[in-house]
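So the chains spell out like this:
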Amino acid sequence: MPHSPSCVLAAATGPTSLPNPTGSPPAHGLPSASSTSTHTFHVPISRRLNLASETTLQLSEPNPPPSTLSPPRNEPPKTHTMSVIREHTSATLSDAWRTIDIDSLDPDKVFDISTLHPAIPETSVNEVRALHGQVRQLLQGRDTEGALRGCLEFPVYNGDNAARDAHLQTVLEVLQSIKASEMNPMLVRIFNSEGGSECLDVLMKYLYKGMANSANVAPKSPMKPMATGFSQIGGRSMASHDSTGAAMSVLLSWHEKVVEVAGLGCIGRVMTDWRRV
Amino acid sequence: MASPEVHHLFHHPIADHSFSADRKTLAVAKDSNVEIYGKVANSFKLKAQLKDHDKTVTSVDIAPKSGRIVSCSQDRNAIVWEPSPEGYKPALVLLRVNRAATFVRWSPSETKFAVGSGDRVIAICYFEEENDWWVSKHLKKPIRSTITTVAWHPNSVLLAAGSADAHARVFSSFIKGVDSRPPPGVWGERLPFNTVCGEYLNNSAGWIHAVSFSPSGDALAFAAHDSSVTVVYPSGPDQAPKAILAVSTQLLPFMSLIWSNESEIIAAGYDCEAFKFHGSEAGWGLVGTVEAKGRPGLGDAREESALNMFKQMDLKGKVKDDTQLKTVHQNTISTIREYESSGGNVTKFSSSGVDGRVVIWSL
């Protein structure tokens, strides 16, 4: 509803400041002070909620003369418009606009995420098994470093779950067969060789995968709420727990040694890398 | 090596900083304001606050010759601040992006600037005389995610951009009537707008934090979130590059990098200190830190009396005070920039970070 802020100001400040004391409608169609104040009470509450209080004064005129609808040409500085804006935003203040999909008309909204990276050849379960056989031979020949390098140089980046899990088992088998005293010098040798940094990144990926797997295995029985209100995961059946605990301790000690050699950068690379094992 | 010049401006993150050409004025992005500091004797004093942005200011850049400041913010706007005797006068930029503006840099010619945004576009902005405002043209293809950083080639036409889709790309931002045709080079011969001159991805493909052209413009370096710095030597248009050399480090990721000359890169980031890389087309490697380690002061030379020990035990529950890092910056370094150079070698550079410090380092 267009209105002149000067009229509003006049009406709001009361009858003394009214320029036209005769009671006849002034040029801007402002009602006399008495009628304004009485009519304000009769404005429906819903309309008063939607608009600023200054505007309700204007609305209070039931049938304004047609000429009053045209706004004056030269508007004085809008000191009162601020309050109108504030009233509107506080009424409409919600987070609903955050859920608007502003990309809904964008033709490039959805794209094939696989186009972002070069393709990696798929590894089949049979290849993983063949590698496992070779690694086992190296282990029997006491060449643990060769075995470790062998399985780290051929990670399964693209393959089905069976292939991925089979390769994880191969890596874990190698890790468990290496003595604690041999870990550090072996890792340093691998790190300083050609492509060694990459190898340790792969090792780190398998360490995390191994930890994730054993964590999934651990809670065999569901949580049992106890009378005290506490709940205990897994209860006391430690038979399977012990073996995963042992596996976890191997992984943790390897993790510590890998971070010592390859630094925190290695962990960052595992987290950012799009090639998952 | 001279000790670094430390200016602790406030206890608040500095998203970006920029010095004027005479190094007497410093603009920093703090919160939703750009603050202008002037050099008084040996310290910087707050001179002005530019307050037109209403969300976090992400980047600020002072053009060396004209003294114009450009800033961009998460409120999706960029503003050019024209210096005048009464202060800085803001000028509108029509960015036309509907996500945060993340990074802004003037081209060396100072007739254009590039604004990266979360809207998967780079807005190349130039001044349109007839309408008296800055308009933009968008580099759009083939960007797949937020642009995190941009860097200009010395010819003011080529632009390198790093993105959260893990690619560093080199674009042509040639604008008719603004740029003169660049001579053909290793990046390409004909360079119409939005020509993709190179698109690079390193092995583990972290999102890119920083890109930079070498001083000659014939090599590109980028740092990614996988703690790596990768250097690319292109061999010519439509050919595979001569060499892509990735250095994966044991450190935390680098947020910013500059070339100090053709064979040395300075990079700094989450490790709160700057590192030097040396190399050539044959290979690159990490050399070491810029900062001299084991500096006196900073808790090391603290009195080691029994009284002090028990006092520390009582106050903090431990003997050693380990609340301070051994580096000058006490938090992540977010930007490093060239400060002084002679004969094609950067001799001093400045760094700013999350700890509210601006530090000037001698190489």
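Residues numbered from 1 in each chain as written. Chains lettered and ligands numbered in written order. Predicted model: local features only at pLDDT ≥ 70, side-chain atom pairs only at ≥ 80, totals over all residues. Heavy atoms only, no water.

J.: I'm lost on the overall build of chain A in this one. Help?
T.: Within chain A one finds 11 helices and two strands. Element order for chain A, N to C, with α for helix and β for strand: α-α-α-α-α-α-α-α-α-α-β-β-α. For chain A, contacts bridging at least 24 residues in sequence account for 71% of all contacts bridging at least 6. (Helix = DSSP H or I, 4+ residues; strand = E, 2+ residues; numbered from the N terminus. Contact = heavy atoms within 4.5 Å.)

J.: In this structure, what is going on with unusual backbone geometry? I would like to understand it.
T.: Glycine aside, residues mostly have negative phi, and peptide bonds are mostly found in the trans state. Residue and element names in this part refer to chain B. A cis geometry characterises the amide bond from Lys 141 onward to Pro 142, with omega recorded as -15°. Even without a glycine there, the phi angle at Asp 31 is positive, about 55°. With respect to the helices and strands, Asp 31 occurs in the loop between strand 3 (25-30) and strand 4 (33-40). We note that Arg 120 has phi near 60°; this positive angle belongs to a residue other than glycine. Its location among the elements puts Arg 120 in the loop between strand 11 (112-117) and strand 12 (122-128).

J.: Can you walk me through the UniProt feature "repeat: WD" (unreviewed entry) in chain B in this structure?
T.: Per the UniProt annotation, the sites labelled "repeat: WD" (unreviewed entry) are residues 50-82 of chain B. Between the C-alpha atoms that bound residues 50-82 of chain B there is a distance of 11 Å. The span itself is 0% helix and 52% strand. (UniProt positions renumbered as here; feature names shortened; annotations may be inferred.)

J.: I would appreciate a short explanation of the pairing of strand 26 (residues 333-342) of chain B in the present structure.
T.: Moving residue by residue along a regular strand, the side chains alternate between the two faces of the sheet. All names here are of chain B. In terms of strand pairing, strand 26 meets strand 27 (residues 345-353) through eight bridges, oriented antiparallel. Paired with Ile 333 across the strands is Gly 353, a residue of strand 27. Once strand 26 ends, the chain turns through two residues before running back antiparallel as strand 27, passing Gly 343 with a positive phi of about 55°. (Pairing = 2+ DSSP bridges.)

J.: Is there a simple way to think about the packing of aromatic side chains in this case?
T.: Two numbers describe a pair of aromatic rings. These are the distance of the centres and the angle of the planes. Residue and element names in this part refer to chain B. Within this structure, the stated rule accounts for 12 aromatic pairs over all chains. Here the aromatic residues Trp 106, Phe 113, Phe 127 and Trp 134 are joined through ring pairs into a cluster of three or more. Note that Arg 23 overlies the ring of Tyr 339, its terminal NZ or CZ placed 5.2 Å from the centroid. (Phe/Tyr/Trp six-rings, centres within 6.5 Å; stacked < 30°, edge-to-face > 60°. Lys NZ or Arg CZ within 6 Å of the ring centre and 35° of its normal.)

J.: Before we go on, may I ask you to explain helix 7 (residues 144-153) of chain A in this structure?
T.: Residues spaced three or four apart along an α-helix point in a common direction, a consequence of the helix completing one turn every 3.6 residues. Of all 10 residues in helix 7 of chain A, seven are buried, a share of seventy percent or more. Those residues of helix 7 of chain A lying buried are Thr144(A), Ala147(A), Leu148(A), Arg149(A), Gly150(A), Cys151(A) and Leu152(A). (Buried < 20%, exposed > 50% of the residue type's maximum accessible area, 1.4 Å probe, protein only.)

J.: In this structure, what is going on with the pairing of strand 11 of chain B? I would like to understand it.
T.: Residues and elements named next belong to chain B. Buried residues dominate strand 11, accounting for six of its six residues. The alternating pattern of strand 11 places Lys 112, Ala 114 and Gly 116 and Phe 113, Val 115 and Ser 117 on opposite faces, both of which are buried. Summarising the sheet, strand 10 (residues 101-106) and strand 11 pair through five bridges and their orientation is antiparallel. From the neighbouring strand, Phe 103 faces strand 11, where its bridge partner is Gly 116. Hairpin connection between strand 10 and strand 11: a loop of five residues separates the two successive antiparallel strands, and Glu 110 in this loop has a positive phi of roughly 65°. Two elements, strand 11 and strand 12, share five bridges in a ladder whose sense is antiparallel. Within strand 12, the position partnered with Val 115 by the bridge is Ala 123. Joining the antiparallel neighbours strand 11 and strand 12 is a turn of four residues, in which Arg 120 adopts a positive phi near 60°.

J.: I keep staring at the pattern of salt bridges and nothing clicks. Help me out?
T.: Residues and elements named next belong to chain A. Inspection of the entire model under this criterion finds 19 salt bridges over all chains. Arg 189 is paired through a salt bridge with Glu 145; the nearest N and O atoms lie 2.8 Å apart. Of this pair, Arg 189 sits in helix 9 (residues 180-192) while Glu 145 sits in helix 7; the two residues are 44 residues apart in sequence, bridging distant segments of the chain. Because the salt bridges share partners, they merge into one network encompassing Glu 198, Lys 205, Asp 273 and Arg 275. (Salt bridge = Lys/Arg side-chain N within 4 Å of Asp/Glu carboxyl O.)

J.: It is not clear to me how the sheet that holds strand 1 (residues 5-8) of chain B should be interpreted in this structure. Could you clarify?
T.: Backbone-to-backbone hydrogen bonds pair the strands of a sheet. The strands run either parallel or antiparallel. All names here are of chain B. If you trace the four strands from one edge of the open sheet to the other, you get 1-28-27-26, paired in antiparallel fashion. Looking at the sheet topology across the chains shown, the edges are occupied by strand 1 and strand 26. Strand-to-strand twist across the sheet, computed as the mean angle between neighbouring axes with direction ignored, equals 15°. Inspection of the sheet shows strand 1 paired to strand 28 (residues 357-362) by four bridges, in the antiparallel sense. Each residue of the ladder has a partner; that of His 7, found in strand 28, is Val 358. (Axes fitted to C-alpha atoms, helices over the stretch in contact; angles between N-to-C directions.)

J.: Just to check I follow, could you spell out the sheet that holds strand 24 (residues 274-280) of chain B for this structure?
T.: Residue and element names in this part refer to chain B. Sheet architecture is open: four strands sit in the order 22-23-24-25, paired in antiparallel fashion. The two strands at the open ends of the sheet, each matched to only one other strand, are strand 22 (254-261) and strand 25 (283-289). Averaged over neighbouring strand pairs, the angle between their axes works out to 25° when direction is ignored. As defined by bridge partners, strand 22 adjoins strand 23 (residues 264-269) across six bridges and the pair is classed as antiparallel. Following the sheet pairing, Trp 259 is matched in strand 23 by Ile 265.

J.: Looking at this structure, I do not really get the state of the cysteines. What am I missing?
T.: By the definition in use, this model includes zero disulfides over all chains. Among the cysteines around Cys72(B), which has no disulfide bond, Cys125(B) carries the closest sulfur, lying 9.7 Å off. (Disulfide = S-S within 2.5 Å.)

J.: Hey, could you run me through the interface of chain A and chain B in this one?
T.: For interface size, the figure often reported is the accessible area lost on association. Facing the 24 residues of chain A at the interface are 21 residues of chain B. Buried area between chain A and chain B, both sides added, is near 1,700 Å², and the carbon and sulfur share of it is 49%. By the criterion of area lost to chain B, the three top residues of chain A are Leu116(A), Arg269(A) and Thr272(A), representing 31% of everything that side buries. One can count nine residue pairs in polar contact (both at pLDDT 80 or more) joining chain A with chain B. For the side of chain A that touches chain B, the secondary structure elements donating two or more residues are helix 10 (196-217) and helix 11 (238-272) of chain A. At eight residues, helix 11 of chain A tops the list of elements feeding residues into the side of chain A that touches chain B. Looking at the side of chain A that touches chain B residue by residue, the classes come out as nine nonpolar, seven polar and eight charged. (Buried area = accessible area lost by both parts, 1.4 Å probe. Polar contact = N/O pair within 3.5 Å; in protein donor to acceptor, adjacent residues only side chain to side chain. Nonpolar A, V, L, I, M, F, W, Y, C, P; charged D, E, K, R; others polar.)

J.: Would you mind going over the packing of helix 6 (residues 125-140) of chain A against helix 7 of chain A with me for this structure?
T.: Angle between the axes and distance between the axes: these two values describe a pair of packed helices. Residues and elements named next belong to chain A. Contact pair helix 6 / helix 7: the axes reach a minimum separation of 7 Å and the direction vectors enclose 165°. In terms of their interaxial angle, helix 6 and helix 7 are classed as roughly antiparallel. The way helix 6 lies across helix 7 gives a crossing that is left-handed. Residue-level contacts link Leu 131, Val 135, Leu 138 and Leu 139 of helix 6 to Thr 144, Gly 146, Ala 147, Gly 150 and Cys 151 of helix 7. Here the residues of the contact of helix 6 with helix 7 sort into six nonpolar, three polar and no charged. (Parallel < 35°, antiparallel > 145°, perpendicular 65-115°, else oblique. Left-handed = near helix turned anticlockwise from the far one by under 90°.)

J.: Looking at this structure, I do not really get the confidence of the model for chain A. What am I missing?
T.: Close reading of the predicted structure is inappropriate where its pLDDT is low. All names here are of chain A. Across chain A, the average pLDDT comes to 70, with 57% of residues at 70 or higher. Throughout residues 1-73 the model reports pLDDT below 50, and contacts reaching past four residues in sequence, or to other chains, amount to 57 contacts. For residues 231-238, every residue scores under 50 in pLDDT, and the model assigns this stretch 11 contacts once sequence neighbours within four places are set aside. (pLDDT = per-residue confidence, 0-100.)

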